[in-house]
Amino acid sequence: MSSGEANMTTTELVPLVEMRDIRVAFGGVHAVDGCTVDLYRGEVVGLVGGNGAGKSTLMRALSGAHPPDSGEIRIDGQPVSITNPRDAKTLAIETIYQTLALADNVDAPSNVFLGREVTTRLGSLDDSAMESATRTVMGRLNPNFTAFKTQVKSLSGGQRQAVAIARAVYFNAKILIMDEPTAALGPAETAQVRALIRQLKSEGIGIFLVSHDIHDVFDLADRISVMYHGQIVGTVNKDEVTIDQVLGMIILGKRPEEVTQKELAKLHG
Amino acid sequence: MTEASGITGAAIRGPSGRSPRSLLRSIEIDTRLLGMIGALAIIWIGFNIMSGGLFLTARNLWNLSVQSSSIAIMATGMVLVIVSRNIDLSVGSLLGFLGYTMAMVQAIWIPTALGLGFYQPYTWVVALLVGVLLGAALGGFQGFIVAYGGVPSFIVTLGGFLVWRGLIFQYAQGQTIAPMDSTYALLGGGPIGSLGDVGSWVVGALACAGIVYSVIGSRRRRQRYGFPVRPTWALVTVIVAGSAAVLGAVWIANNYFWPPALATQYALDHGITEPPGGLQIPVGIAYPVLLMIAVAIVMTIIATRRRFGRYAYAIGGNPEAAELGGINVRRTIMLTFALLGSLVAISAAIQTARLNGAVTNLGVQNELDVISAAVIGGTSFSGGIGTIPGAVLGAVVMQSLRSGMVLLRVDSPTQDIVVGIVLVTAVGLDTFVRRRATR
Ligand SMILES: Nc1ncnc2c1ncn2[C@@H]1O[C@H](COP(=O)(O)OP(=O)(O)OP(=O)(O)O)[C@@H](O)[C@H]1O
Ligand SMILES: [Mg+2]
């Protein structure tokens, strides 16, 4: 039910990512309770919802950080099993985690290349090559960034976020998960990330964008999936809804057509 | 960007002026390491004054180097274990067990059980190989339980501490296994188990060449990408200071001579007539010290230039992030224990060779010395912090304290009290300095 009408805008038949009936529980808490979402090539799908709605948990199921208890994930129509982050990376799924997930005590280049280090023929780490490549990506993200030799623990929140973004975009991802990618960024850096998202999209990469900034989402996303208490309320085409309608879905947990006049009045009151 | 002219790199590095600290930074030498060298100098000079000049003699320093080597070797492995947020309490017992096994291989299994006879040319290699492989397997087994079983390393290795020691007592029945193979015994050092003067100078020259090569090589790599490099004077300072230290150490080792009785025996055996003052044969660098230097170099490369080392540090900094970054955290942790296990075997060989036999209390309390050496050397239990050269220096500091107090005839309980206080003070100071630095 989620994306039937939305598919009409996309000409491709097989989605890049399909997550079907995904469930994740922590003890008795059903953080993700039967969610179905999909994503096409060159598409940005915004994932929105209140705090604790289950957005990060759903994305972590796709990135291998926390495999789902049940449900099916298909990439290019093929069922896949993603049991750890390495599996996801093998499938060209890159993630910017809400927590950033940086190794605090090594520098930015080591973080960008963590787990995929550049080595010389003899298998030694080629730190200069990694630093050089990191300078290049960072030049695109945040030209003011110069702390290439500093432990990332002593960087500012926004600089750390830039490192996390650099790590996700460097390795030719096919699928990008961005969980609050601009939460710590200043206006100029946010604009840069928006431009980056548009460019990646034009390169055919599929992007899940989790954000609380509804204007950001409306600006960047093609479709918007709304989560409420672990479930998908609905997935809508950005062009067919208003910001208020989406806010209503986030807060009330109902699709626009199900919302009564009384509830709407309360929302605005 | 800052990749402009590299020659005056000091100016590029930061806004700070030419304070002593920024000078040190442009040399790119770890200030903590320099601090430790300073502390060591104070300890040495202090003991020398208190002992009336007995401490800073070629003989005492040579002995110090041999005594430090076995703990230093294990401490380099302990660094990676502690850096990735674990601990290994079993090293002393494991050392006993491995030393015992290697002694059995050369004193009983090869010569008698297999009937191949004593003093075969391959005996020492087989014994050492068995020890190193068994050490890696047993260390790796404990690491497996820690990493894949999720049992805290404190508990697993506390168990190992009891089990390995218990096994020695069960199988040795209080017996000493001796003597060791004659080639194997050279690993223990002593006048015969040393390089002599020519060999020591050759090693010293090679080490100087190595310093020049690595310093210039890393500068070349950075230049190739147009990164800032340290200024030429800093480069020269590092090379000169490093080479001076190496050659000075060789000079000291060559100024320690064979004991007169041994020299007389040597003269008799080789038909040399002894000169009036007795034959002066320079001892040179001892084999265990050479082994320790080799291990320290290899471990430094592993820790700083290989994936495995980088992963150990990343895990220590933030285990969850390391996992999310795609690192195989469990395998890395298991391997840190396996690596330490194989280093324990090398130390076990040195100790059994020195004793020329295996006794049941071999390696008792070594875990404490090894952990202390790593920690005094700047390894932090909060994970992600620690260096190999620091741990080696830590082992030398520990051994200097012990042997200095022996020279001053301090009794053993008092020695323990002093070492305990120094350990806590050193770590306390280190934590204090670190906290101020990050503020
Ligand atoms: N590791 C965990 N252990 C236990 N409960 C968890 C864990 N991670 C998430 N939860 C629970 O799962 C639910 C969904 O959390 P999730 O982080 O997915 O929300 P979210 O939509 O990303 O929220 P936010 O907008 O605040 O980031 C919450 O109730 C949370 O308490
Ligand atoms: Mg979240």
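Keep in mind the model is a prediction, meaning the values are calculated, not measured.

Chemist: What's the story with the overall build of chain B in this structure? I'm lost.
Modeler: Counting its regular elements, chain B contains 17 helices and zero strands. In terms of overall size, chain B behaves like a compact globule, its C-alpha atoms giving a radius of gyration of 23 Å where 439 residues would be expected to give roughly 22 Å. Within the span of chain B, comprising 439 residues, buried residues form 49% of the whole. Averaged over its 27 positive side-chain charges, chain B has a centre that lies 14 Å from the centre of its 15 negative ones.

Chemist: Whenever I open this one, the sheet that holds strand β10 (residues 231-237) of chain A confuses me. Can you help?
Modeler: Strand pairing in a sheet is mediated by backbone hydrogen bonds. Such pairs are either parallel or antiparallel. Residues and elements named next belong to chain A. Judged by pairing direction, the sheet is mixed, and its six strands sit side by side in the order β6-β7-β8-β3-β9-β10 without closing on themselves. Two strands bound the open sheet, and with one partner strand each, they are β6 (93-96) and β10. Going across the sheet, the axis of each strand differs from the next one's by a mean of 15°, ignoring polarity. The strands that helix α5 (residues 157-170) touches are β6 and β7 (175-179); relative to β6, the one it contacts most, it runs at about 175°. Contacting β3 (44-49), β9 (223-228) and β10, helix α8 (residues 243-252) runs over the sheet at an angle of about 25° to β9.

Chemist: I'm lost on the site of ligand 1 in this one. Help?
Modeler: All names here are of chain A. Taken together, F26, A31, G50, N51, G52, A53, G54, K55, S56, T57, Q98 and H212 make up all the residues around ligand 1. Within the backbone of G54, an N or O atom sits 2.9 Å from an oxygen atom of ligand 1. One of the side-chain N or O atoms of T57 is found 2.5 Å from an oxygen atom in ligand 1. Here ligand 1, which alone exposes 630 Å², has 60% of that area covered by the protein. The greatest single-element share of the shell around ligand 1, amounting to three residues, is contributed by helix α1 (residues 55-63). Looking at side-chain class alone, the shell around ligand 1 contains three nonpolar, eight polar and one charged residues.

Chemist: How should I be thinking about the coordination of the magnesium ion (ligand 2) in this particular structure?
Modeler: Ideal geometry at a metal centre: 109.5 degrees between donors when four sit tetrahedrally, and 90 or 180 degrees when six sit octahedrally. All names here are of chain A. Only S56 (OG) and Q98 (OE1) from the protein coordinate the magnesium ion (ligand 2), and they sit 1.9 to 2.1 Å from it. You can see S56 sitting in helix α1 and its partner Q98 sitting in the loop between β6 and α3 (108-112), a full 42 residues away along the chain. Here Q98 falls in the partly exposed class, since its relative accessible area comes to 45%.

Chemist: How should I be thinking about a nonpolar patch on the surface in this particular structure?
Modeler: Residues and elements named next belong to chain B. On the surface, L114, L116, Y122, V126 and V130 cluster together into a nonpolar patch covering about 390 Å² of accessible area. Examined against the element boundaries, V130 turns out to sit in helix α6 (residues 123-147). A relative accessible area of 31% places V130 in the partly exposed class.

Chemist: In this structure, what is going on with the interface of chain A and chain B? I would like to understand it.
Modeler: Quite often, the size of an interface is put as the accessible area lost when its parts meet. Across the contact, 33 residues belong to chain A and 28 residues belong to chain B. Roughly 2,800 Å² is buried in total at the junction of chain A and chain B, and carbon and sulfur atoms are behind 51% of that figure. When the area that chain A buries against chain B is broken down by residue, the three leading residues are R86, L125 and R135 of chain A, summing to 22%. Where chain A packs against chain B, one counts 13 residue pairs in polar contact (both at pLDDT 80 or more). Secondary structure elements with two or more residues in the side of chain A that touches chain B: α2 (85-90) and α4 (127-141) of chain A. A per-element tally of the side of chain A that touches chain B places α4 of chain A first, with seven residues. In the side of chain A that touches chain B, the residues fall into eleven nonpolar, ten polar and twelve charged.

Chemist: Teacher, can you tell me more about the pattern of salt bridges here?
Modeler: Note that side chains of opposite charge can pair when their charged atoms are close. This structure, assessed with the given rule, holds 27 salt bridges over all chains. A salt bridge links R60 of chain A to E320 of chain B; the nearest nitrogen and oxygen atoms lie 3.5 Å apart. Remark: E320 of chain B occurs in helix α13 (residues 319-324) and R60 of chain A occurs in helix α1; the pair is interchain, linking two chains. Note on R60 of chain A: relative accessible area 23%, which makes it partly exposed. Ionic pairing is found between D222 of chain A and K201 of chain A, a salt bridge with its closest N-O pair at 2.8 Å. Taken as a pair, D222 of chain A in the loop between α7 (214-220) and β9 and K201 of chain A in helix α6 (residues 187-202) lie far apart in primary sequence, 21 residues in all. In this structure D222 of chain A comes out as partly exposed when scored by relative accessible area, which is 29%. Take K201 of chain A: its relative accessible area is 23%, and that puts it in the partly exposed class.

Chemist: Is there a simple way to think about the packing of helix α4 (residues 58-83) of chain B against helix α12 (residues 307-317) of chain B in this case?
Modeler: Each pair of packed helices can be summarised by the angle the axes make with each other and by the distance between the axes. All names here are of chain B. Two numbers describe how α4 lies on α12: the axes approach to 8 Å, and their chain directions differ by 45°. Regarding the angle of α4 to α12, the classification is oblique. Of the residues in α12, those touching α4 at V79, L80 and V83 are F308, A312, Y313 and G316. Split into classes, the residues belonging to the contact of α4 with α12 amount to six nonpolar, one polar and no charged.

Chemist: Help me out: how do you make sense of α12 of chain B in this one?
Modeler: The periodicity of an α-helix, 3.6 residues per turn, causes residues three or four positions apart to be oriented the same way. In terms of burial, α12 of chain B is largely enclosed, as ten of its eleven residues are buried. Those residues of α12 of chain B that sit buried are F308, G309, R310, Y311, A312, Y313, A314, I315, G316 and G317 of chain B. Buried residues in α12 of chain B make contact with α3 and α4 of chain A together with α4, α11 (287-305), α13 and α14 (329-355) of chain B.

Chemist: What's the story with the domain arrangement of chain B in this structure? I'm lost.
Modeler: Residues and elements named next belong to chain B. Taken as a whole, chain B is organised into domain 1 (30-191 + 307-431) and domain 2 (195-285). Using only C-alpha atoms to locate each centre, domain 1 and domain 2 end up separated by 25 Å. On the domain 2 side, the residues contacting the five residues of domain 1 number nine residues. Taking both sides of the interface into account, the surface hidden between domain 1 and domain 2 amounts to around 650 Å²; carbon and sulfur atoms contribute 78%. Considering only the surface of domain 1 that becomes buried against domain 2, A58, W62 and P191 emerge as the three largest contributors, covering 78% of it. If you look at where domain 1 meets domain 2, you find zero salt bridges. Summed over the shared surface of domain 1 and domain 2, the result is one residue pair in polar contact (both at pLDDT 80 or more). Along the lines of polarity and charge, the residues of the side of domain 1 that touches domain 2 split into four nonpolar, no polar and one charged.

Chemist: Would you take a moment to explain the packing of aromatic side chains for this structure?
Modeler: Note on aromatic pairs: each is described by the distance of the centres and the angle between the planes. The full count for this structure, using the stated rule, is eleven aromatic pairs over all chains. Note on F113 of chain A and Y170 of chain A: the rings are 5.1 Å apart at their centroids and 65° apart in plane angle, and the pair reads as edge-to-face. Here the residue F113 of chain A occupies a position in the loop between α3 and α4, and Y170 of chain A occupies one in helix α5, the gap between them amounting to 57 residues. Arranged with centres 5.0 Å apart and planes meeting at 45°, the rings of W62 of chain B and Y256 of chain B form a pair that is tilted. Taken together, the positions of W62 of chain B in helix α4 and Y256 of chain B in the loop between α9 (232-254) and α10 (260-269) put the pair 194 residues apart, joining distant regions of the chain. Across this residue pair, the class does not change: W62 of chain B and Y256 of chain B are buried.

Chemist: Whenever I open this one, the nonpolar core confuses me. Can you help?
Modeler: Here is a general trend for soluble globular proteins: nonpolar side chains tend to be buried in one another's company. One finds M78, L80, L98, Y184, M299, I327 and V344 of chain B to be the most contacted residues of the largest nonpolar core, which totals 78 residues. At 13 residues, α14 of chain B tops the list of elements feeding residues into this core. Setting aside chain neighbours within four positions, we find L98 of chain B in contact with G131, L134, G135, L138, G341, V344, A345 and A348 of chain B. Grouped together as the second largest cluster of nonpolar side chains are 50 residues, V48, M130, M178 and V246 of chain A included.

Conventions and cut-offs
- Residues numbered from 1 in each chain as written.
- Chains lettered and ligands numbered in written order.
- Predicted model: local features only at pLDDT ≥ 70, side-chain atom pairs only at ≥ 80, totals over all residues.
- Heavy atoms only, no water.
- Helix = DSSP H or I, 4+ residues; strand = E, 2+ residues; numbered from the N terminus.
- Rg over C-alpha atoms; globule rule 2.2 N^0.38 Å.
- Buried < 20%, exposed > 50% of the residue type's maximum accessible area, 1.4 Å probe, protein only.
- Lys, Arg positive; Asp, Glu negative; His and termini not counted.
- Charge placed at Lys NZ, Arg CZ, Asp CG, Glu CD.
- Pairing = 2+ DSSP bridges.
- Axes fitted to C-alpha atoms, helices over the stretch in contact; angles between N-to-C directions.
- Contact = heavy atoms within 4.5 Å.
- Near = heavy atom within 4 Å.
- Polar contact = N/O pair within 3.5 Å; in protein donor to acceptor, adjacent residues only side chain to side chain.
- Areas by Shrake-Rupley, 256 points an atom, 1.4 Å probe, with all protein chains shown as cover.
- Nonpolar A, V, L, I, M, F, W, Y, C, P; charged D, E, K, R; others polar.
- Donors = N, O, S within 2.8 Å, 3.2 Å for Na, K, Ca; no water.
- Patch = residues over 30% accessible without salt bridge, like charges linked within 9 Å, V, L, I, M, F, W, Y side chains within 5 Å.
- Salt bridge = Lys/Arg side-chain N within 4 Å of Asp/Glu carboxyl O.
- Buried area = accessible area lost by both parts, 1.4 Å probe.
- Parallel < 35°, antiparallel > 145°, perpendicular 65-115°, else oblique.
- Domains from an automatic or database assignment.
- Phe/Tyr/Trp six-rings, centres within 6.5 Å; stacked < 30°, edge-to-face > 60°.
- Core = buried A, V, L, I, M, F, W, Y, C linked by side-chain atoms within 4.5 Å.

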